[in-house]
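# Architecture and fold: a report
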Amino acid sequence: KDGDGATALHHATRGAQLGAAQLLLARSADPTLAQRRRRTALHEAAAHNAPELAQLLLEAGCPLTTRDDDGHSAFDLADEHGNDEVADYLHDGRAKLWFEAAARGNERQLEKLLDLGGEIQHVDELSEEDVIDAPLHGTALLHASRKGRAGAVALLLRRRADPNEVHDLCPHRYSPLHLAAAGR
């Protein structure tokens with residue numbers, strides 16, 4: 001680490017050195033480490049418009065929900081700097097995490113993702129393989145209801161998710177309330 005707590009992975013990301021970042025990760029560099037201002041390498045990829053590095057870091061386990069000392073997530077930095085390609089990629093990554101957290105009942109991660117903002121009634125547009133064990137398209141509340149994740153359902157309802165929402169992408173036409181009542 002340097003004087004600011006930045007690792008070699010932070011520096012490789014700032015310099016848009018994809019090959020160096022790949023090598024560092026292959027040699028067990030920890031993508032979750034943050035420097036003194038709590039910025040991860042993913043924050044650097046977002047701020048420096050490096051979509052390939054953002055993808056690599058997310059796949060390596062760099063957390064999407066970390067906020068720096070200024071309260072910015074990597075998505076916030078990409079958006080703030082006008083780095084649309086990185087912002088789009090991170091948005092898609094956040095959506096996937098959102099639905100997986102709901103389906104798994106991971107309330108802590110779901111809370112962090114909700115705090116990052118976004119539309120709570122967002123409907124997944126991912127393939128069936130992208131959302132764990134969930135062939136239903138729908139909202140996070142639908143996924144949590146289907147998997148019987150009461151804590152996640154309660155959290156989403158507190159955040160004003162609509163239990164009666166049925167989206168056009170949902171071929172079964174079930175609402176989260178219907179799934180809960182049916183015990184599915």
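Just so we're clear, the structure is a prediction, and the values are computed from it rather than from any experiment. (Residues numbered from 1 in each chain as written. Predicted model: local features only at pLDDT ≥ 70, side-chain atom pairs only at ≥ 80, totals over all residues. Heavy atoms only, no water.)

## Looking at helix 6 (residues 84-104)
To be explicit about the condition: Secondary structure elements are defined from DSSP: runs of H or I of at least 4 residues count as helices, runs of E of at least 2 residues count as strands, and each element is numbered from the N terminus. For a helix, the expected span equals 1.5 Å multiplied by the residue count minus one. The buried label applies to any residue whose accessible area, calculated with a 1.4 Å probe on protein chains only, is under 20% of its type's maximum; exposed applies above 50%, and partly exposed to all values in between. We call two residues in contact whenever any of their non-hydrogen atoms come within 4.5 Å of each other.
Under the 1.5 Å per step criterion, the end-to-end length of helix 6 is 30 Å for 21 residues, consistent within 8% with the ideal 30 Å. Of all the positions in helix 6, only Val86, Ala87, Leu90, Gly93, Arg94, Ala95, Trp98, Phe99, Glu100, Ala101, Ala102 and Ala103 are classed as buried. Contacts from the buried residues of helix 6 go to helix 3 (41-47), helix 4 (51-59), helix 5 (74-80), helix 7 (107-115), helix 8 (140-146) and helix 9 (150-158). Note on helix 6: the residue one or two positions beyond its end, Gly105, has a positive phi of about 75°.

## Overview of the nonpolar core
For the record, the criterion: Put simply, a nonpolar core is a bunch of buried Ala, Val, Leu, Ile, Met, Phe, Trp, Tyr and Cys residues held in one set by side-chain atoms that sit within 4.5 Å of each other.
Among the nonpolar cores identified, the biggest contains 23 residues, and Leu42, Ala46, Leu57 and Leu90 are the most heavily contacted of them. Of all the elements in the fold, those that place two or more residues in this core are helix 1 (8-14), helix 2 (18-26), helix 3, helix 4, helix 5 and helix 6. Examining the composition of this core, we find that five residues originate from one element, helix 4, more than from any other. Those residues in contact with Leu90, other than ones at most four positions away along the chain, are Leu42, Ala46, Ala54, Leu58, Leu64, Ala74, Phe75 and Ala78. Ranked by size, the runner-up nonpolar core spans 16 residues in total, among them Leu113, Ala152, Leu155 and Ala161.

## Some points on the pattern of salt bridges
Test applied: A carboxyl oxygen of Asp or Glu within 4 Å of a side-chain nitrogen of Lys or Arg is what we treat as a salt bridge.
Counted under the stated rule, the structure contains five salt bridges. The partner of Asp76 in a salt bridge is Arg67, with the nearest N and O atoms 3.0 Å apart. Classification of Arg67 as partly exposed rests on a relative accessible area of 24%. Residue Glu111 is joined to Arg159 by a salt bridge in which the shortest nitrogen-to-oxygen separation is 2.4 Å.

Keep in mind these numbers describe shape, not what the thing actually does.
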